[in-house]
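Structure assessment
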Amino acid sequence: MIIVLIGYMASGKTSIGKRLAAQLDYTFVDLDDLIEKRENASVTEVFKKSGEIYFRKQETLYLNEVLSRKENMILSLGGGAPCYSNNMSDILNAKNVKSIYLKASIATLTEKLMRKKAKRPLIAHIETEEAMAEFIGKHLFERAPYYSQAEITVSIDNKTKDEIVQEVIAELF
Ligand SMILES: Nc1ncnc2c1ncn2[C@@H]1O[C@H](COP(=O)(O)OP(=O)(O)OP(=O)(O)O)[C@@H](O)[C@H]1O
Ligand SMILES: O=C(O)C1=C[C@@H](O)[C@@H](O)[C@H](O)C1
Ligand SMILES: [Mg+2]
């Protein structure tokens, strides 16, 4: 089975994914990391050198490659991955794939992203907390229709990583 974690930037896809993989003894794949390895450049460099459209094309290519693998795997996506091309339908239609939305409020995301924006090219330029909350609110309005199609939704607000991991496992098995 492939368990796909989706959600906004900083919702915990990478860190929760790693813990889930360790606990379930599944392979762990992070789509942003895979893109960086294959493109031999950081996400920020790919955005800068080749532009977002090129990044989205490569993201779709590598997503489909990983979805065709036949192994037990936790696959943590980048924040935008489910919202481009036919990616969300491909995830929902793939056999043996379960999708999980790690859902966070605008307040939680604003607080996290003010601290961790440097490596995220879409938000690195935003300076004040008010502007960050405004950006995230608008962005989530566009993206939530994709994220919400996931088979399972787990709210992450005010929960520890361990609590989230246990909740995901309880929903899955
Ligand atoms: N429940 C939590 N409690 C406290 N800190 C958390 C929690 N979940 C994640 N974090 C921290 O928040 C930061 C963002 O998490 P992470 O990188 O896993 O998010 P992401 O969804 O993979 O983001 P991106 O879309 O940018 O890849 C990390 O520093 C992580 O350690
Ligand atoms: O939300 C997004 O569109 C992104 C999230 C990150 O995981 C990276 O995939 C990249 O910075 C774009
Ligand atoms: Mg990540």
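In this text the structure is predicted, and so the values were computed from the model without any measurement. (Residues numbered from 1 in each chain as written. Chains lettered and ligands numbered in written order. Predicted model: local features only at pLDDT ≥ 70, side-chain atom pairs only at ≥ 80, totals over all residues.)

1. What about the overall build of the chain?
Counting its regular elements, the chain contains 8 helices and 5 strands. Traced from its N-terminal end to its C-terminal end, the chain shows the element sequence β-α-β-α-α-α-β-α-β-α-α-β-α. The C-alpha radius of gyration of the chain comes to 15 Å, within 12% of the 16 Å expected for a compact globule of 173 residues. Overall size of the chain, expressed as C-alpha extent along the three principal axes, is 40 × 35 × 25 Å. Taken over 173 residues, the chain has a buried fraction of 32%. (Helix = DSSP H or I, 4+ residues; strand = E, 2+ residues; numbered from the N terminus. Rg over C-alpha atoms; globule rule 2.2 N^0.38 Å. Buried ≥ 20, exposed ≤ 12 C-beta atoms within 10 Å, placed from the backbone.)

2. Points about the site of ligand 1
The immediate surroundings of ligand 1 are formed by 20 residues, with G12, K13, T14, S15 and G79 found nearest. Elements represented by at least two residues in the shell around ligand 1 include exactly α1 (13-24) and α8 (161-172). Top element by residues in the shell around ligand 1 is α1. It accounts for 3 residues. (Near = placed C-beta within 6 Å.)

3. Describing the pairing of strand β4 (residues 97-103)
Counting buried positions over the 7 residues of β4 gives 5, a clear majority of the element. Bridge count between strand β1 (residues 2-6) and β4: 5 bridges; the pairing is parallel. The residue of β4 that forms the bridge with L5 is I100. Taken together, the 4 bridges between β4 and strand β5 (residues 152-155) define a ladder with parallel strand orientation. Note on β5: the bridge partner recorded for I100 is I152. (Pairing = 2+ DSSP bridges.)

4. So, the nonpolar core
Within the largest apolar cluster, 39 residues are counted, with the highest numbers of intra-cluster contacts made by I3, V4, L5, I6, L75, I100 and L102. With 5 residues, the single largest contributor to this core is β1. L5 has contacts with K13, I16, G17, I74, S76, L77, I100 and L102, leaving out every residue within four places of it along the chain. (Core = buried A, V, L, I, M, F, W, Y, C linked by C-beta atoms within 7 Å. Contact = placed C-beta atoms within 7 Å.)

5. Describing the sheet that holds β5
The strand order across the open sheet formed by 5 strands is β2-β3-β1-β4-β5, and the pairing between neighbours is parallel. The sheet is open, and its two borders are formed by β2 (27-30) and β5, each paired with just one other strand. Geometrically, the sheet is characterised by an average inter-axis angle of 20° between neighbouring strands, direction not taken into account. Sheet topology places β1 next to strand β3 (residues 73-76); 4 bridges connect them, and they run parallel. Considered in β3, the bridge of I3 is made with I74. Its contacts with the sheet put α8 on β1, β4 and β5, and the angle it makes with β5 is roughly 155°. (Axes fitted to C-alpha atoms, helices over the stretch in contact; angles between N-to-C directions.)

6. Looking at helix α4 (residues 52-67)
In this model, α4 (16 residues) spans 22 Å end to end at C-alpha, consistent with the 22 Å of a helix rising 1.5 Å per residue. Regarding α4, the residues found buried are F55, E59 and L63. Buried residues of α4, seen end-on, are gathered within an arc of 70° and therefore sit on one face of the element. Exposed and facing more than 90 degrees away from the buried side of α4 are I53 and E65. Buried residues along α4 sit against α2 (31-39), α3 (43-50) and α5 (87-93). (Expected span 1.5 Å × (residues − 1). Arc of directions from axis to C-beta.)

The values are spatial; any link to function lies outside them.
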